[in-house]
Amino acid sequence: MAKTILIVDDSESIREVVHFTLENAGYDVLVGIDGKDALKFFDGTNHIDLLITDLYMPNMDGIELIRAVRANEDYKRIPILFLTTESQREKKLEAKDAGATGWIIKPFVPAKLLSALNKVLR
Amino acid sequence: MEEIIKNTETYLTFRLGDEVFAANIKKAINIIEMLEITEVPRSPEYMRGIVNVRGSVLPVIDTKMKFGMPPTEITKNTVIVTFAIEIEGEETHVGAMVDEPGSVIELSENQISPPPNIGAKYKSELIVGTYKDENEQFIMILDIDKVFTLDELLEIEVKVKQE
Amino acid sequence: MDEFRKKFIEEATDLINALESAVLVLEGNSQNEELINEVFRIMHSLKGGGAMFGFVMISDFTHNLENIYDEIRNGKKKITKELLDITFNSVDHLRSLIKPDAETNSDTLQKQKSLIAEIVSYIGGVQKSVVENITNKETANSSYYILFKPHVDIFDNGTNPLFLIDDVFELGEVKRFIRTQDIPELGRFEYDKCYVYWEFILQTEEDISEITDVFMFVEDDCELEVVKLYDGELLSNDKFLTLLESLDNNSRFDVEEIKTIASDLSAKPQERDVQAVKNKINKFSKESEITSIRIATEKIDTYMNLVSELVTSLAGLKLLTEKIKDESLTQITENIENITEQIRDNALSITLIPIENTVIRFRRLIRDLSADFNKNIEFTTEGTETTIDKTLLQIITDPLMHIIRNSIDHGIESVEERIKNGKSAKGQIKLRAYHSGSNVHIEVEDDGKGLDINKIITKAKEKDLISKEAVLSKEDAVKLIFQPGFSTADHVTGVSGRGVGMDVLRRKMFDVRGDIFVDTEINKGTKITLKVPLTLSIVDGLLVTLSNKLYIIPLTSIARIKELKYEFLKNTKRNIAEIDGSQIPFYFLREELDIDGDYEDEVKFIMVKYQSNYVGLVFDAIIGEYQAVLKPLGKLYKKHEIISGASILGDGTVALVLDTNKLIQRFSDEITIVNN
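Residues numbered from 1 in each chain as written. Chains lettered and ligands numbered in written order. Predicted model: local features only at pLDDT ≥ 70, side-chain atom pairs only at ≥ 80, totals over all residues. Heavy atoms only, no water.

### A short note on the overall build of chain C
Consideration 1: In terms of helices and strands, chain C carries 22 helices and 21 strands.
Consideration 2: Taken over 676 residues, chain C has a buried fraction of 44%.
Consideration 3: Sequence-distant contacts in chain C: of pairs separated by 6 or more residues, those separated by 24 or more amount to 68%. (Helix = DSSP H or I, 4+ residues; strand = E, 2+ residues; numbered from the N terminus. Buried < 20%, exposed > 50% of the residue type's maximum accessible area, 1.4 Å probe, protein only. Contact = heavy atoms within 4.5 Å.)

Here it is as structure tokens:
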């Protein structure tokens, strides 16, 4: 069965390129435009294998989203990757402390994105 | 040949058919009994083949044929004299079949006569000189390098006869 | 991707508009955290998307602005009128950056420069990294040492250390050392435990925190050590690598030692401490185990001869063992055979040396001659680590030198001529070496004018090498250059063109059971390939007989062996037999080699490779495979090409080693003469 990945980013173009890449690679894709929007998928009815989220978003940012997911009994064990640019070291540490599994550095090419997924989806 | 003491040199004599030849002993490595010869196809007839001398390969030449005589018939007297000769500046060993080894003789310069110029069967550059021993045996002293490096040892007429 | 780019431009337009209105509000409300965060986020989105979709100018530019607003967000800086002006200017500039001509429009490029300069001066050196990024875009590589030793139970929390290692490789150039000495013996080995650890020398332009970040998520589950060794590249430094290898004893490095080496190397090697480095190397090579010694070549020759004798004696022992049929003797003989084989291989490997040793001389030659001939030549090599028997290397050095001279003199055109012909000014000569079966091939290829076939034919006719009416294929014409006394040089130069060479060269190759090939194309270049056997002294062969005389055919030249009826072969027309649907020309070796006796009813038909075909050779019987120690027949037989040597068997008999190529060449030449 295809794995389901939730991608959350306020940038439509980024969402679309990730969406496109993942769908082509055979994943089922759910999309959220920011943290608050993404929370609706964590209602216990959706099966989610992986969350990929941007960190800087309006309404609810990535760190808060990660904390919320980790606090949710149904989803606390899913791997979470966040998108970040270059060396945002403090942000990375913050995300790690919030419970992230790893990160993907922007810009990325599809192959790099997929190899990052392979590291956490097994 | 620079080490001449009292102008004498030592020679090894050997018999080929009815004729006796001598070669400077410095050129001779050893004398070995006849060994089984492995023929090398498509080589001149006088090159009888190769023998195994203690793990090394030695080419063997029918010296009589080289001198235009009938092929050597191997008897219990037949031996191979190994000579160190120089080919294109490199020393190489050659086994010379002879009907019978003779003796080692010491000759001073004045005992040796110059090679005959006229009516000689062999090319003049082959012969360093001649000598008559106490039994009046006529011995031809050979330049052994030339014997094995010249394609043709005989004067032309004889060669035609041979073919 | 274009579709996504379009999407990004739309999105960026919206973001820039949002930025503009946010800044407008911010002007009257400079403490509004919400707004500051939004401006920051917009910069961040533009930066990420710009990088993502190839708008490098956008990502570069917003990177700088983002930094300012990050400072403000963290309360380290306050919003001023000046900053707001810069930001408004930036909004306008960002609008021009999403236009299609942004990367080429000189106004836009100019604006990018001046605005970034303004931003930098606004930050005023506080944000050092930004300044560095602008003034020194090509950040230099530094070298690091990394120890990554996962705890044995690291697999428990789902981490696969190999992925982290991939990440290290993504950071830059890496030399990796895998340490396995902690792996327990099989009985105590647990499959879900990690017993391996890694050490790396990493050369990267990232800073140290990027490296530690790779391991951020496993830092509690591993031992991690990241040490900066040197502000520069170490992995491209051969001396460093040599020293590093001398320190490597398959267990954990002493980082201090590596650091010492690195700092020694970094101490301006050109001027100050060349000697110190040298001393260090010497010291190391002395202190560490001596890995190589020099041996007089005569000793090696003696060793090789003794090994040959050993192989020969072993053959005798094997014969005896077969006769006696005693089990324990058989055992011992097998052991000795084993050991002998190893000694033989070892001895062979000692006499093999890389051709690199010779290539150095060519480099010099080419440099000197290029100047003499006013030619601009680049010499490249490939596979110079290929090894070859030292005697053979000596033999082929002069031929190679000759070929390279020819390339420089006749092959590569003058700079003017090359440019006129639309070629790069710099001519190329490439030397490539590789092993192929039991042979070594060495190619010398140039991109010069190639051999002029018509000129060769005309010349050959002038010199009466071929008849005036002869029509030649390209292949045949090329072969003419190997004729004695052939030269196409218009005028004799001091280097080549004296008409000696290629013929001598071919003879030299034949002397060592080698060959030479020419591949040429007019105006494209010439490739000359030398093929030489790996070694002169030992041949793996098949022992066959004719009238009980023994011959050896090298296994490398044998394609197939068939048992056939003599009648069948005798009744074929013109000595061509149909074997499994193919027409195979063949020779009765007994007749060709003039050997007494007759074939029996059953004969052995040995198919050997000849050029691109197969040719059959008819023998009486096959004894078996045999490892022949090749003894030269000596100078007296030097014209005797068809026999490459002799081998003495265990019982003292002598077998002749046939060179099937030359044998067939000879036979076919004779037939051609007969037909004419």
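### Some details on the overall build of chain B
Consideration 1: Within chain B, the regular secondary structure consists of three helices and 10 strands.
Consideration 2: Order of helices (α) and strands (β) in chain B, N terminus to C terminus: β-β-β-β-β-α-β-β-β-β-β-α-α.
Consideration 3: Here chain B, with 163 residues, has 48% of them falling under the buried criterion.
Consideration 4: When contacts within chain B are restricted to residue pairs at least 6 apart in sequence, those whose partners lie at least 24 apart make up 54%.
Consideration 5: Counting every atom, chain B has about 9000 Å² of accessible surface; 48% of that belongs to carbon and sulfur. (Areas by Shrake-Rupley, 256 points an atom, 1.4 Å probe, with all protein chains shown as cover.)

### Focus on the sheet that holds strand β3 (residues 28-33) of chain B
Residue and element names in this part refer to chain B.
Consideration 1: Ordered in space as β3-β6-β7-β5-β4, the five strands form an open sheet in which the pairing is mixed. Both outer strands of the open sheet, β3 and β4 (47-53), are each paired with one neighbouring strand and no more. Between one strand axis and the next, the sheet turns through 35 degrees on average, direction left out of account.
Consideration 2: Sheet analysis places strand β5 (residues 56-62) next to strand β7 (residues 90-98), joined by three bridges and oriented parallel. Paired with Val60 across the strands is Gly95, a residue of β7. (Pairing = 2+ DSSP bridges. Axes fitted to C-alpha atoms, helices over the stretch in contact; angles between N-to-C directions.)

### Structural notes on the nonpolar core
Consideration 1: Ranked by internal contacts, the top residues of the largest apolar core, which has 84 residues, are Leu6, Leu22, Leu51, Ile52 and Leu117 of chain A together with Ile68 and Tyr69 of chain C.
Consideration 2: Among the elements that line this core, the one with the most residues is helix α1 (residues 2-28) of chain C, at nine residues.
Consideration 3: When residues no more than four places from it in sequence are discounted, the contact partners of Leu117 of chain A are Ile5, Leu22, Tyr27, Leu50, Ile52 and Leu81 of chain A.
Consideration 4: Grouped together as the second largest cluster of nonpolar side chains are 71 residues, Ile50 of chain B together with Tyr587, Leu593 and Val654 of chain C included. (Core = buried A, V, L, I, M, F, W, Y, C linked by side-chain atoms within 4.5 Å.)

### Description of the sheet that holds strand β10 (residues 138-142) of chain B
Residue and element names in this part refer to chain B.
Consideration 1: Across the sheet, which stays open at both edges, the five strands sit in the order β8-β1-β2-β10-β9 with mixed pairing between neighbours. Of all the strands in the sheet, just β8 (100-108) and β9 (127-132) have a single pairing partner and so form its edges. Within the sheet, the average angular offset between the axes of one strand and its neighbour, ignoring direction, is 30 degrees.
Consideration 2: Where strand β1 (residues 8-16) meets strand β2 (residues 19-24), six bridges bridge the pair, whose relative direction is antiparallel. Counted as the bridge partner of Tyr11 is Asn24 from β2.

### Observations regarding the interface of chain C and chain B
Consideration 1: If you look at the interface, chain C gives 23 residues, while chain B gives 22 residues.
Consideration 2: Of the roughly 2100 Å² buried between chain C and chain B, counting both surfaces, carbon and sulfur atoms make up 63%.
Consideration 3: Contact with chain B buries area across many residues of chain C, yet Lys635, Leu636 and Tyr637 of chain C alone supply 35% of it, more than any other trio.
Consideration 4: Counting across the chain C and chain B interface gives one salt bridge.
Consideration 5: In this structure, the salt-bridge partner of Glu592 of chain C is Arg42 of chain B, at a minimum N-O distance of 3.5 Å.
Consideration 6: The interface formed by chain C and chain B includes two residue pairs in polar contact (both at pLDDT 80 or more).
Consideration 7: Partitioning the side of chain C that touches chain B into residue classes produces 13 nonpolar, two polar and eight charged. (Buried area = accessible area lost by both parts, 1.4 Å probe. Salt bridge = Lys/Arg side-chain N within 4 Å of Asp/Glu carboxyl O. Polar contact = N/O pair within 3.5 Å; in protein donor to acceptor, adjacent residues only side chain to side chain. Nonpolar A, V, L, I, M, F, W, Y, C, P; charged D, E, K, R; others polar.)

### Quick notes on the packing of aromatic side chains
Consideration 1: This model, assessed by the stated rule, comprises 18 aromatic pairs over all chains.
Consideration 2: Between Tyr56 of chain A and Phe40 of chain C, the aromatic rings sit 4.9 Å apart at their centres with planes inclined by 70 degrees, giving edge-to-face as the arrangement. Taken together, the residues span two chains, with Tyr56 of chain A in the loop between β3 (50-54) and α3 (62-71) and Phe40 of chain C in helix α2 (residues 33-52). The pair formed by Tyr56 of chain A and Phe40 of chain C is uniform in burial state, with each residue classed as buried.
Consideration 3: When the ring of Phe148 of chain C is compared with that of Phe215 of chain C, the centres are 4.7 Å apart and the planes differ by 40 degrees; the resulting orientation is tilted. (Phe/Tyr/Trp six-rings, centres within 6.5 Å; stacked < 30°, edge-to-face > 60°.)

### A few points about a negative patch on the surface
Consideration 1: Together, Glu445, Glu475, Asp519 and Glu521 of chain C make up a negatively charged patch on the protein surface.
Consideration 2: Along the chain, Glu521 of chain C turns up in strand β10 (residues 515-521). (Patch = residues over 30% accessible without salt bridge, like charges linked within 9 Å, V, L, I, M, F, W, Y side chains within 5 Å. Lys, Arg positive; Asp, Glu negative; His and termini not counted. Charge placed at Lys NZ, Arg CZ, Asp CG, Glu CD.)

### Overview of the environment of Ile648 of chain C
Consideration 1: Looking at where Ile648 of chain C falls in the secondary structure, it is placed in strand β20 (residues 643-648).
Consideration 2: Residue classification places Ile648 of chain C among the buried residues on the basis of a relative accessible area of 3%.
Consideration 3: Excluding residues that lie within four positions of it along the chain, Ile648 of chain C makes contacts with Asn52, Gly55, Ser56 and Val57 of chain B together with Thr312, Tyr626, Thr653 and Val654 of chain C.

### Quick notes on the interface of chain A and chain C
Consideration 1: Counting residues at the interface gives 32 residues for chain A and 31 residues for chain C.
Consideration 2: For the pair chain A and chain C, the summed buried surface comes to about 2900 Å²; carbon and sulfur atoms form 61% of the total.
Consideration 3: Here chain A is connected to chain C by four salt bridges.
Consideration 4: Linking Asp213 of chain C and Lys92 of chain A is a salt bridge whose minimum nitrogen-to-oxygen distance equals 3.0 Å.
Consideration 5: If you look at where chain A meets chain C, you find six residue pairs in polar contact (both at pLDDT 80 or more).
Consideration 6: Every element with two or more residues in the side of chain A that touches chain C is listed here: α1 (12-24), β4 (80-85), α4 (89-98), β5 (102-106) and α5 (110-120) of chain A.
Consideration 7: Considering every element that reaches the side of chain A that touches chain C, the biggest residue donor is α1 of chain A, with six residues.

### Here we look at the packing of helix α3 (residues 56-73) of chain C against helix α5 (residues 106-123) of chain C
Residue and element names in this part refer to chain C.
Consideration 1: For the pair α3 and α5, the least separation of the axes is 10 Å and the interaxial angle reads 20 degrees. One way to sum up the angle between α3 and α5 is to call them roughly parallel. In the crossing of α3 with α5, the sense of the turn from one axis to the other is left-handed. Packed against α3, whose contacting residues are Met57, Asp60, Phe61, Asn64, Leu65 and Ile68, the element α5 presents Thr108, Leu109, Gln112, Leu115, Ile116, Ile119, Tyr122 and Ile123 at the interface.
Consideration 2: Of the residues belonging to the contact of α3 with α5, the class tally is 10 nonpolar, three polar and one charged. (Parallel < 35°, antiparallel > 145°, perpendicular 65-115°, else oblique. Left-handed = near helix turned anticlockwise from the far one by under 90°.)

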